[in-house]
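What follows is the residue order along each chain.
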Amino acid sequence: MAILEIKKYGDLILRKKSKVILEVDDDVKRLAYNMLETVYLANGVGLAAPQIGVSVRLCVIAVDLDKKSPIIMINPTIISSDGNKISDKEGCLSFPGFYENVKRYNGVVVRYTDLNSRELEIKSQDLLSRAIQHEVDHLDAKLFIDYLPEWKRRFVEKKVKRNRNTGKW
Ligand code: NI
């Protein structure tokens, strides 16, 4: 397995819509395991393939503190939500050091394909649900700062720009 470099905000791949995976082959499996190793090392709760520079619909969810039950999702689609949105602090491995309140559905049902090519559906709530919505957004080129009020988003962008100019990004 290998640790992958996480692309930070400003990298154009984060704004590119990811492609559907047609076959769960060894390359997809290797990529998924490397992403898992990467997200655990970074202490993240999730990572999407575009964040490591691969524009395909694959993400890993690592809300398991014991690191024993991660969820690897291929071509995930959110098929329903409980309609109830709540605001909570959220970060992103592509925005190191930034945490903002984002409103998300408290519960969603997601359908995806696993590494054994089985189609599965899980009902999620709270942190798991938030992580799933955040990662599926990445596959659609949507980032958590897109949910912020415009003034706040500009503020974050300005700080990122400053970090980039000083080589801290
Ligand atoms: Ni993220």
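Everything below is about the structure shown above.
Residue numbers here run from 1 along each chain, matching the order of that chain's written sequence. In view of the model being predicted, local features appear only for residues whose pLDDT reaches at least 70, and side-chain atom pairs are presented and counted only at 80 or more, with totals across whole chains, interfaces and linings using the full set of residues. Side-chain figures throughout are based on the complete set of non-hydrogen atoms in the structure, without hydrogens or water.

### Observations regarding the pattern of salt bridges
For side chains bearing opposite charge, pairing can occur when the charged atoms are close. Salt-bridge detection follows one rule: a side-chain nitrogen of Lys or Arg within 4 Å of a carboxyl oxygen of Asp or Glu. Scanning all chains against the criterion turns up 13 salt bridges. Linking D140 and R57 is a salt bridge whose minimum nitrogen-to-oxygen distance equals 2.9 Å. Placement of the pair is D140 in the loop between α2 (126-139) and α3 (150-165) and R57 in the loop between β1 (46-48) and β2 (58-61), with a sequence separation of 83 residues. Notably, a salt bridge pairs R153 with E157, separated by 3.8 Å at the nearest N-O pair. Comment: elements are numbered from the N terminus, with helices defined as DSSP H or I runs of at least four residues and strands as E runs of at least two.

### Considerations on the environment of A32
Position of A32 among the secondary structure elements: in helix α1 (residues 26-41). Exposure is judged per residue with a 1.4 Å probe applied to protein chains only, and the accessible area is read against the type maximum: over 50% gives exposed, under 20% gives buried, and values in between give partly exposed. Judged by its relative accessible area of 0%, A32 is buried. Setting aside chain neighbours within four positions, we find A32 in contact with L58, V60, I72 and L115. Note on contacts: a residue pair qualifies if any of its non-hydrogen atoms lie within 4.5 Å across the two residues.

### Thoughts on the nonpolar core
Here, nonpolar core refers to any group of buried Ala, Val, Leu, Ile, Met, Phe, Trp, Tyr and Cys residues whose side-chain atoms link them within 4.5 Å. Counting 19 residues, the largest nonpolar core has M35, L47, L58, V60, I72 and I74 as its most contacted members. Secondary structure elements with two or more residues in this core: α1, β2 and β3 (71-81). The greatest single-element share of this core, amounting to 7 residues, is contributed by α1. Dropping the residues within four chain positions of it, I74 is found in contact with I21, V24, V28, R57, L58, Y112, T113, D114 and L115. In terms of nonpolar packing, the next biggest core, distinct from the first, is built from 13 residues, L14, L143, F144 and V156 among them.

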